[in-house]
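So you can see what is in the structure, the chains are spelled out below.
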Amino acid sequence: MLSNLPTNPLLASQRPYPIFVVYDAQKWWPLLLVPVLRSLLSPGNAAEILRASLWDLAVGLVLIGYSTAKWLTARYRFDRGLQLSQGLICRRQLWLLPDDAASIEVECTPLMWLTRGRRVRVNTAGLRRRSDAILYLSAERVKKLIPRPHARPPIRYAARIWPVLVLGASGSNVAFGLLTLSPAISHAGRVIGHQWGGEAAGRLGRLLMMGLPPLLEQMAGLFVWGWLLAFVYTTLRYGGFHAEREGNRLHLSSGLLTRRDVFINSRKVTALELRQTLFMKLFSLYTVTITAAGYGREKGTRPVVVPAAGKRELCSALDQLLPDYPVCSSFLRPRRRSFFRYLWLPLAVLAGAAVLNLMGGFYRPIGMVLLVMGAWQLLVRSIGFRQAGFGVGRGAVAVRYPRGLALYEVHIPLETADTIVIRQSWLQRKRNLCTVEVRCFYEQPGRFRRRRHRVYCLPYDAALHTLKKCREYQS
Amino acid sequence: MTFGGNQEVAAVLRSWIAALGLVLSLLWGAVAGLFGPALLWGNGLIMAATLFLWWWYPARYASTLRGHIDQNALYIVSGVWFRRETYVPFEAIRAFECWTLPFERLWRCRTVVLRVAGGTVFLLLLPQQQAADLLNWLEQTGRE
């Protein structure tokens, strides 16, 4: 991707944008709490606190000076690739070869918007925890470095607001959100007055609390605030989402406060995943994420292509954004008789919950929480069984299956599905059934791993035949 | 192109071992200060272990470090207790880095880091000239 960049003599050995100092010194910010903690933990007279704070300030200034020195010595250069050199104690020089940059992410926080700076992350297809190179550049330079192809107007997909809100609500922890509605209601009852609060809110509160003691009510309050925060965070992150296709380049842009522009070579997309939670199923919405080397590596990022859309909107968006991406439409389904195989885990949880409820006392609240979780998963797995399947065709392997509290449909191009495993337990052998496992590379914030997609209870002979089809395609 | 350890590689390792021994000794001294001087014999053990490692390990490491570049791959052998043979096809390399820490700068050594799709390969403590030759070679081949 970097080979598309022009080799400009003016760009030879440049120093990063000065905003580098702010973001490099960011890790020292928690030290600002030291004077506050000292004054709280060992209260003395004002003169002593002031003298100690001056020392803290001096240490802070030294650390900022260190970051400034790092900025003064840092250099980068684009010359058919990227060369970056930075660090004082550990001096690091990096060479990124042309065509090896799989994705480029341009970030603009409110501070960067004010100072006209940008953070550019360059990712290669390696198994890495963080971006290969992080650069701080001015907005003008970023515009020059990542030019837009003017040959044709880009194909554009823009997400609507309400599906993004639904994504925010479902991505945040809905179960806890529902569980914790009751303290909010009972509190509202207290605020509004005794007439309403004493009767309706009390009954509704008791119903929703499912017998939770007041101690857990406080915890539930914390969870609801956590859920609300997560909801606001997701909404801010995916608000104003739009995706554009410019030739082979996929340009994804999102964020209300911090704007992120991600450029991906669409040929390097290695998996397409459709995800649906129970909450989203109510509205017939899907979230589409992709696996592209490097994208989604940083904390808090999800490689979303379509945040939330109904089936028709989704098909049209994918036809526009990834028209060449192979998608398989025929699936081998699990046998009807194996329905129980999908349900045994939630049923076991429900049985455990029933036992705990019968024991009463301290165990009862735990039992109630398990009951809700078990019932929730029972619903997801029941729906998941109806949709589960495995298929090979049109250049892709596809699997549909329930995992955790969501339903997944994954399409992987045949050339990137690195392993397909057919497994048979002793019981499955007797019934001529099998489990199909498709393994592929997956980027996850903070770590990397191989993801395993498993579909249970497929007919063995048919699965073997499908696998042979896959081998024929690959050969 | 061939690689191999030399006296400077051993010197870097000696510096690190000495520094580590000193820090451990200080920490153990602090522990002895808290729980009683009877624990100070531990310092003697730490110093003895440090001295043994300082004398024995670096030269061995430098003598086992060797490697070469053939037409399309890099081959490196290193390690004293566990010998590691690393083979990196050039086409697999996505990015490469050169790291230097203060002791390495002092004794003219470099650490070369190769980023490949399957992870990261560290070529620890190559002599400065050999590291520079390797980086130049990687850069030239990458451009071609």
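Bear in mind the structure is a predicted one, so any value in this text is a computation, not a measurement.

Rules and cut-offs
Residues numbered from 1 in each chain as written. Chains lettered and ligands numbered in written order. Predicted model: local features only at pLDDT ≥ 70, side-chain atom pairs only at ≥ 80, totals over all residues. Heavy atoms only, no water. Helix = DSSP H or I, 4+ residues; strand = E, 2+ residues; numbered from the N terminus. Buried < 20%, exposed > 50% of the residue type's maximum accessible area, 1.4 Å probe, protein only. Contact = heavy atoms within 4.5 Å. Areas by Shrake-Rupley, 256 points an atom, 1.4 Å probe, with all protein chains shown as cover. Phe/Tyr/Trp six-rings, centres within 6.5 Å; stacked < 30°, edge-to-face > 60°. Lys NZ or Arg CZ within 6 Å of the ring centre and 35° of its normal. Buried area = accessible area lost by both parts, 1.4 Å probe. Salt bridge = Lys/Arg side-chain N within 4 Å of Asp/Glu carboxyl O. Polar contact = N/O pair within 3.5 Å; in protein donor to acceptor, adjacent residues only side chain to side chain. Core = buried A, V, L, I, M, F, W, Y, C linked by side-chain atoms within 4.5 Å. Pairing = 2+ DSSP bridges. Axes fitted to C-alpha atoms, helices over the stretch in contact; angles between N-to-C directions. Parallel < 35°, antiparallel > 145°, perpendicular 65-115°, else oblique. Left-handed = near helix turned anticlockwise from the far one by under 90°. Nonpolar A, V, L, I, M, F, W, Y, C, P; charged D, E, K, R; others polar. pLDDT = per-residue confidence, 0-100.

Trainee: Lay out the overall build of chain A with the relevant residues and their values.
Mentor: A tally of regular secondary structure across chain A gives 16 helices and 19 strands. In chain A, which comprises 475 residues, the proportion classed as buried is 49%. Restricting to contacts in chain A with at least 6 residues of sequence separation, those with at least 24 account for 63%. Total accessible area on chain A is roughly 24800 Å²; 63% of this is exposed by carbon and sulfur atoms.

Trainee: For the packing of aromatic side chains, give the residues involved together with the corresponding values.
Mentor: Any aromatic ring pair is given by two values, namely how distant the centres are and how the planes are angled relative to each other. Counted by the stated rule, this structure contains 17 aromatic pairs over all chains. Taking the centre distance of 5.3 Å and the plane angle of 15° together, the rings of A:Trp95 and B:Phe96 count as stacked. Taken together, the residues A:Trp95 in strand β3 (residues 91-96) and B:Phe96 in strand β5 (residues 93-100) connect one chain to another. For A:Trp95, a relative accessible area of 11% gives the class buried. These aromatic residues form a ring-pair network of at least three members: B:Phe52, B:Trp55, B:Trp56, B:Tyr57, B:Tyr61 and B:Trp81. A cation over a ring is seen here: A:Arg119 above A:Tyr23, with NZ or CZ 4.7 Å from the ring centre. Cation over ring: B:Arg14 sits above B:Trp54, and NZ or CZ is 5.4 Å from the ring centre.

Trainee: Quick rundown of the interface of chain A and chain B? Include the residues and the values.
Mentor: With 21 residues of chain A in contact, the opposing surface of chain B contributes 20 residues. With both chains or domains summed, chain A and chain B bury close to 1800 Å², and 52% of this area falls on carbon and sulfur atoms. Summed over the shared surface of chain A and chain B, the result is 1 salt bridge. For B:Glu97, the salt bridge is made with A:Arg92, and the minimal N-O distance between the two is 2.7 Å. Taken together, the connections running from chain A to chain B amount to 8 residue pairs in polar contact (both at pLDDT 80 or more).

Trainee: Explain the nonpolar core to me, and be specific about the residues and the numbers.
Mentor: If you look at the biggest cluster of nonpolar residues, it comprises 33 residues, and the most contacted ones within it are B:Leu74, B:Leu114, B:Leu123 and B:Leu134. Among the secondary structure elements, those contributing two or more residues to this core are α1 (7-35), α2 (41-64), β3 (73-78), β5, β6 (109-116), β7 (119-127) and α4 (128-143) of chain B. Looking at this core element by element, the count peaks at 5 residues for α1(B). Ranked by size, the runner-up nonpolar core spans 32 residues in total, among them A:Leu252, A:Ile264, A:Ala317 and A:Leu321.

Trainee: Which residues make up the sheet that holds β3(B), and what values do they have?
Mentor: Residue and element names in this part refer to chain B. With respect to topology, 4 strands assemble into an open sheet ordered β1-β2-β3-β4, the strand pairing being antiparallel. Both edges of this open sheet fall to β1 (2-4) and β4 (84-89), since each of them pairs with a single strand only. On average, each strand axis in the sheet is inclined to that of its neighbour by 10°, with strand direction left out of account. Where β3 meets β4, 6 bridges bridge the pair, whose relative direction is antiparallel. Bridging across to β4, Ser78 finds its partner in Arg84.

Trainee: Could you give me a rundown of the pattern of salt bridges, with the residues and numbers involved?
Mentor: Under the counting rule described, the total for this entry stands at 14 salt bridges over all chains. Residue A:Arg452 pairs with A:Glu437 through a salt bridge whose shortest N-O separation is 4.0 Å. Residue A:Arg452 is located in strand β19 (residues 447-459), and its partner A:Glu437 is located in strand β18 (residues 433-444); the two are separated by 15 residues in the primary sequence. Judged by its relative accessible area of 44%, A:Arg452 is partly exposed. In this structure, B:Glu97 and B:Arg115 form a salt bridge, with 3.1 Å as the shortest nitrogen-oxygen distance. Residue B:Glu97 is found in strand β5, and its partner B:Arg115 is found in strand β6; the two are separated by 18 residues along the sequence. Because the salt bridges share partners, they merge into one network encompassing A:Glu107, A:Arg119, A:Arg121 and A:Arg260.

Trainee: Outline the sheet that holds strand β14 (residues 389-393) of chain A, supporting the account with residue identities and numerical values.
Mentor: All names here are of chain A. Taken in spatial order, the 6 strands of this open sheet run β13-β12-β11-β16-β15-β14, and their pairing is antiparallel. Both edges of this open sheet fall to β13 (304-309) and β14, since each of them pairs with a single strand only. Across the sheet, the mean angle separating the axes of adjacent strands is 15° when strand polarity is ignored. Sheet topology places strand β15 (residues 396-403) next to strand β16 (residues 406-413); 8 bridges connect them, and they run antiparallel. Bridging from a neighbouring strand, Ala398 pairs with His411 of β16. Of the strands in this sheet, β11 (269-277), β12 (286-292) and β13 are in contact with helix α12 (residues 311-321), which crosses β13 at around 160°. Taken strand by strand, helix α14 (residues 363-387) contacts β14, β15 and β16, and its axis lies near 35° from that of β16.

Trainee: Tell me about the environment of B:Ala30, and please be specific about residues and values.
Mentor: All names here are of chain B. Counting through the fold element by element, Ala30 comes out in helix α1. Under the relative-accessibility criterion, Ala30 is labelled partly exposed at 44%. Remark: the alpha-carbon pair of Ala30 and Leu40, spanning 10 residues in sequence, is separated by 9.6 Å.

Trainee: Can you lay out the packing of helix α2 (residues 33-41) of chain A against helix α3 (residues 46-73) of chain A for me, pointing to particular residues and giving the numbers?
Mentor: Residues and elements named next belong to chain A. The contact between α2 and α3 brings their axes to 9 Å, and the two run at 155°. It follows from the interaxial angle that α2 and α3 lie roughly antiparallel. For the pair α2 and α3, the sense of crossing is right-handed. Together, Val34, Pro35, Arg38 and Ser39 of α2 and Ile49, Ala52, Ser53 and Asp56 of α3 make up the contact between the two elements. Of the residues assigned to the contact of α2 with α3, the class counts are 4 nonpolar, 2 polar and 2 charged.

Trainee: Before we move on, can you summarise the confidence of the model for chain A with the specific residues and values?
Mentor: Residues and elements named next belong to chain A. Of the residues in chain A, 79% reach a pLDDT of 70 or more, and the chain-wide mean stands at 78. Across chain A, the secondary-structure element scoring lowest on mean pLDDT is helix α7 (residues 174-179), at 50, and the one scoring highest is helix α1 (residues 19-24), at 92. Across residues 2-10 the pLDDT falls below 50, and counting only partners more than four positions away or on other chains, this stretch makes 16 contacts in the model. Every residue in residues 194-198 scores below 50 in pLDDT, and together they form 6 contacts with partners more than four places removed in sequence or on other chains.

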